[in-house]
Amino acid sequence: MKTSILNYYPMVLEVCYNHLQKPVPRAVRQIYHWAAENSRLEQEDLMRIQMDLSQTIQSEPILNGAYFCSYNSFRHIYPIFVRTAERENFALAIMLISLHPRKNAVGSRQDTSLAMNLAHQIILSTLRKDDIFCQFSRSQYAALLMMKNYNDKQFVEMRLSNVFSQESRLKNFTITISFCHPDLNI
C-alpha cells in the first residue's frame, strides 16, 4: 500500500501544482509523509522548486536582448560566466561602454541621465540574450559577452557603434567601447 501511495503521489503533485495551481492538500501530504517514512521527500521538493521557477519565468517580462542587473549581481554572475566559458570552450570579453559629452556641447547632468537611459535601451536590444550588462558609473555600462572567438568582439562593437551613431538624441555625446579579455583561471 505504501508503495502505491509513493508511486501515485507524483501524479497528484502534477495535478495540484500544474493544473489546479494549488498546493497539495494537507491531508494528502500527511498520507504521503506516512508512506514515505524514512525516505526523503525529493519529488515534492522538486515539484515545489519547478513550480517556483515556472512562476518566476511567467512573472518576468520576456527578454529579447541582454540581461540587465545591478553591478553587485554582475560581479556574482561573472564566476558563472567564467566557468561556462571554460566548460564550453568559449571566449569571454568584458566590455565597457562610456558616454562622454562632446567638446563645446552644452549639457547637464539631466542630459547625461537621459543619454544613459537611451544607451540602456540600445544595449538591451542590441546585445544577445546570453549577454549581461550593468550600469558601472554615472556614464558607463559594463557587459559580459560570451563568444565563440574573442575576435568576434569587433562585430559586437560595430553593431553597437552603428546603432549609437544613428541615434540623433546622442549627438552631443561621444561613445567609446573598450574590451578586455579576462583571466579565466579564477
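Residues numbered from 1 in each chain as written. Predicted model: local features only at pLDDT ≥ 70, side-chain atom pairs only at ≥ 80, totals over all residues. Heavy atoms only, no water.

(A) Structural detail: the nonpolar core. Membership of the largest hydrophobic core comes to 24 residues, with the highest contact counts inside it found for Met-95, Ile-97, Leu-127 and Leu-160. The dominant element in this core, judged by the number of residues it contributes, is helix H5 (residues 109-126), at six residues. Of all hydrophobic cores here, the second largest spans 13 residues; its members include Tyr-78, Leu-92, Ala-142 and Leu-144. (Core = buried A, V, L, I, M, F, W, Y, C linked by side-chain atoms within 4.5 Å. Buried < 20%, exposed > 50% of the residue type's maximum accessible area, 1.4 Å probe, protein only. Helix = DSSP H or I, 4+ residues; strand = E, 2+ residues; numbered from the N terminus.)

(B) Spatial organisation of a nonpolar patch on the surface. Taken together, the side chains of Leu-46, Ile-49 and Leu-53 present a nonpolar region at the surface, about 300 Å² in accessible area. Of note, Ile-49 is situated in helix H3 (residues 42-59). (Patch = residues over 30% accessible without salt bridge, like charges linked within 9 Å, V, L, I, M, F, W, Y side chains within 5 Å. Areas by Shrake-Rupley, 256 points an atom, 1.4 Å probe, with all protein chains shown as cover. Salt bridge = Lys/Arg side-chain N within 4 Å of Asp/Glu carboxyl O.)

(C) Structural view of the environment of Tyr-150. Looking at where Tyr-150 falls in the secondary structure, it is placed in the loop between strand E4 (140-147) and helix H6 (153-166). Sequence separation between Tyr-150 and His-181 is 31 residues; the distance between their C-alpha atoms is 7.7 Å. If we ignore the near neighbours within four places in the chain, the residues touching Tyr-150 are Ala-91, Leu-92, Ala-93, Phe-179, Cys-180 and His-181. Of note is the side chain of Tyr-150, whose polar atom sits 3.3 Å from the backbone nitrogen of His-181. (Contact = heavy atoms within 4.5 Å. Polar contact = N/O pair within 3.5 Å; in protein donor to acceptor, adjacent residues only side chain to side chain.)

(D) Main features of the packing of aromatic side chains. All chains considered together, the criterion is met by five aromatic pairs. Their ring planes at 15° and their centres at 3.7 Å tell us that Tyr-9 and Tyr-32 sit as a pair that is stacked. With Tyr-9 in helix H1 (residues 2-20) and Tyr-32 in helix H2 (residues 26-35), the pair connects residues that are 23 residues apart, well separated along the chain. Take Tyr-32: its relative accessible area is 5%, and that puts it in the buried class. Put simply, the rings of Phe-68, Phe-133 and Tyr-141 pair up and form one aromatic cluster. (Phe/Tyr/Trp six-rings, centres within 6.5 Å; stacked < 30°, edge-to-face > 60°.)

(E) Examining the side chain of Asp-131 more closely. By secondary structure assignment, the location of Asp-131 is in the loop between H5 and strand E3 (132-137). A distance of 3.0 Å separates a polar side-chain atom of Asp-131 from the backbone nitrogen of Arg-128. When sequence neighbours within four positions are dropped, the list of residues in contact with Asp-131 reads Ala-66, Tyr-67, Leu-144, Leu-145 and Met-146.

(F) Local environment of the environment of Pro-182. Residue placement: Pro-182 occurs in the segment after strand E5 (173-180). For Pro-182, a relative accessible area of 7% puts it in the buried group. In sequence terms Pro-182 and Leu-144 are 38 residues apart; their C-alpha atoms lie 9.9 Å from each other. Discounting chain neighbours no more than four positions away, the residues touching Pro-182 are Tyr-78, Leu-92, Ala-93 and Ile-94.

(G) Structural view of the pattern of salt bridges. Overall, the coordinates contain three salt bridges when judged by the stated rule. Linking Glu-88 and Arg-87 is a salt bridge whose minimum nitrogen-to-oxygen distance equals 3.3 Å. On the accessibility criterion, Glu-88 (42% relative accessible area) is partly exposed. In the salt-bridge network here, residues are joined through shared partners; they are Arg-128, Asp-130 and Asp-131.

(H) How the structure looks around the pairing of E3. Summarising the sheet, strand E1 (residues 67-68) and E3 pair through two bridges and their orientation is parallel. Looking at the pairing, Phe-68 lines up with Phe-133 of E3. As paired strands, E3 and E4 are joined by five bridges and run antiparallel to one another. The residue of E4 that forms the bridge with Ser-137 is Gln-140. Taking the residues that link successive antiparallel strands as the turn, the E3-E4 hairpin has two residues. (Pairing = 2+ DSSP bridges.)

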